[in-house]
Amino acid sequence: MRRKAAPTISDVAALAGVSRAVASRALSASKRPVSGDKRDRVLAAAAELGYRVNLLAQSLTTKTVNLVAVLVNHIHDLSDLDLFDLLLAEIQAGGRQVILVRVGSTDKVEEFLRQGVAYHVDAALVFSDFADAATVRRMFRSDLVIMLNGRHDHRSPAIIPDEAVGIRQAVADAAAKGVRRASLVTGRASSLVEQARIGLYRQAFQVHDIQLLRTLQGDYSYRSGHALAPGLIEGGQPDAVFCTSDAMAMGILDVFRMDFPGNRPARFRLYGFDNLSLLDFEAYPISSIGYDKAAYVARMLGLLNEPPAGGSTFEPELVPTRYVSRLTG
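This section reports on the structure supplied with the text. (Residues numbered from 1 in each chain as written. Predicted model: local features only at pLDDT ≥ 70, side-chain atom pairs only at ≥ 80, totals over all residues. Heavy atoms only, no water.)

1. Quick look at the overall build of the protein chain
Looking only at helices and strands, the protein chain features 12 helices and 11 strands. Looking at the 329 residues of the protein chain, the share that counts as buried comes to 47%. In the protein chain, the proportion of contacts linking residues at least 24 apart, taken out of those at least 6 apart, comes to 70%. Surface accessibility of the protein chain: about 16,400 Å² in total, with carbon and sulfur atoms responsible for 51%. (Helix = DSSP H or I, 4+ residues; strand = E, 2+ residues; numbered from the N terminus. Buried < 20%, exposed > 50% of the residue type's maximum accessible area, 1.4 Å probe, protein only. Contact = heavy atoms within 4.5 Å. Areas by Shrake-Rupley, 256 points an atom, 1.4 Å probe, with all protein chains shown as cover.)

2. Quick notes on the packing of helix 1 (residues 9-16) against helix 2 (residues 20-27)
Packing of helix 1 against helix 2 brings their axes to within 8 Å, and their N-to-C directions diverge by 100°. Here helix 1 lies roughly perpendicular to helix 2, going by the angle between them. Counting all contacts with helix 1, which are made through Ile9, Ser10 and Ala13, the residues of helix 2 involved are Arg20, Ala23, Ser24 and Leu27. Looking at side-chain class alone, the contact of helix 1 with helix 2 contains 4 nonpolar, 2 polar and 1 charged residues. (Axes fitted to C-alpha atoms, helices over the stretch in contact; angles between N-to-C directions. Parallel < 35°, antiparallel > 145°, perpendicular 65-115°, else oblique. Nonpolar A, V, L, I, M, F, W, Y, C, P; charged D, E, K, R; others polar.)

3. Description of the side chain of Ser183
Inspection of the secondary structure assignment puts Ser183 in strand 6 (residues 181-186). Relative accessible area serves as the criterion here: at 0%, Ser183 is assigned to the buried category.

4. Quick look at the sheet that holds strand 5 (residues 159-162)
Pairing in this open sheet of 3 strands is mixed, and the strands run 5-11-10 from one edge to the other. Each edge of the sheet is formed by a strand with only one pairing partner; in this case those strands are strand 5 and strand 10 (288-291). Going from strand to strand, the sheet's axes swing by 30° on average, the running direction of each strand aside. Sheet topology places strand 10 next to strand 11 (residues 317-324); 4 bridges connect them, and they run antiparallel. When the bridges of strand 11 are listed, Ser288 appears paired with Val324. Strands strand 5, strand 10 and strand 11 of the sheet are contacted by helix 8 (residues 163-176), whose axis makes an angle of about 15° with strand 11. (Pairing = 2+ DSSP bridges.)

5. Quick look at the sheet that holds strand 1 (residues 67-72)
The strand order across the open sheet formed by 4 strands is 2-1-3-4, and the pairing between neighbours is parallel. The open sheet has two edge strands with one neighbour each: strand 2 (97-102) and strand 4 (145-147). Across this sheet, the average inter-strand angle for adjacent strands is 20°, counted without regard to direction. Bridge count between strand 1 and strand 2: 6 bridges; the pairing is parallel. By the bridge assignment, Val68 is partnered in strand 2 with Val98. Sheet strands touched by helix 12 (residues 293-305): strand 1, strand 3 (123-126) and strand 4. Its angle to strand 4, the strand with the most contacts, is close to 160°.

6. Side note on the nonpolar core
Across soluble globular proteins, you tend to see nonpolar side chains buried next to one another. Ranked by internal contacts, the top residues of the largest apolar core, which has 22 residues, are Leu87, Leu125, Phe127 and Tyr296. Contributions of two or more residues to this core are made by strand 1, helix 5 (78-93), strand 3 and helix 12. Setting aside anything within four residues of it in sequence, one finds Tyr296 in contact with Leu83, Phe127, Leu148, Ile159, Pro161, Tyr291 and Val319. Membership of the second largest hydrophobic core comes to 21 residues, among which are Met248, Ile252, Val255 and Phe268. (Core = buried A, V, L, I, M, F, W, Y, C linked by side-chain atoms within 4.5 Å.)

7. Observations concerning the packing of helix 1 against helix 3 (residues 36-49)
With their axes 8 Å apart at the nearest point, helix 1 and helix 3 run at an angle of 120° to one another. The angle between the axes of helix 1 and helix 3 places the two elements in the oblique class. Classified by chirality, the crossing of helix 3 by helix 1 is right-handed. On the side of helix 1, the interface is formed by Asp11, Val12, Leu15 and Ala16, while helix 3 contributes Arg41, Val42, Ala45, Ala46, Glu48 and Leu49. Along the lines of polarity and charge, the residues of the contact of helix 1 with helix 3 split into 7 nonpolar, no polar and 3 charged. (Left-handed = near helix turned anticlockwise from the far one by under 90°.)

Keep in mind that these numbers describe shape and distance, not what the molecule does.
What follows is the structure, encoded as structure tokens:
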């Protein structure tokens, strides 16, 4: 039995009622002129025929490789999954593929450079704490390096959640509910973003006359929150515990549920960070600080789809955060 031939761009164009050139532009990952109506017809025709873009052929035409590098420390906790599921889906929906690169230490960066491995990518998104903008440009030989870790320079676009607003709202909420003593559970000390976040908590505690009893360091994961939980009540019980990730707050909550049944810790109020989708379920009624992840990803995609002109200089772009209350009383 003769195998049916795969659909071509010409088949898509014919079904959509447009020229082959228009169909090609509509299916391109780059911003190329085509009306919205024609683009919709082409996309519908491609879906109906099961047509897939030939990324290699497209890259030869556009002089791009349709690859985006995403640098992370690691992906091991729930907040990572919430963000990266959305990010990877949106990048791939635009016709690009993703290279995930783990950079868990400064040594890993140096090893990457020593080995001389050259990933040719159109852009790099940098979440890892251990890579600065200049080094990433060397690693990938690309000028479009979007910094999300606070280690940007004037040549790199940077997108940073404006955490001051959400933190002030959360601490004000605690103060209004009678909190006078608090503990803080933090993440990696190597992160510039985390260092700034801790400073914002300390400032807010001073403004509302809340005594900081202790600071414990985790790594943002559920496991680290679980391990640190017993130390939160040693030498004096806090009225509230603030965590710089929801995953750590969930680990703490589960420990205290063993001794104090109910839907929240009996001895203190619990505040998280990231506003995970999991918190929308009754199992983890943890109030949290977060930002609109869809808006955050949209800003990254905007820079990927419309790269700034060469020689541009940049100031960090802030994404607003907000406090989301899930507790009453």
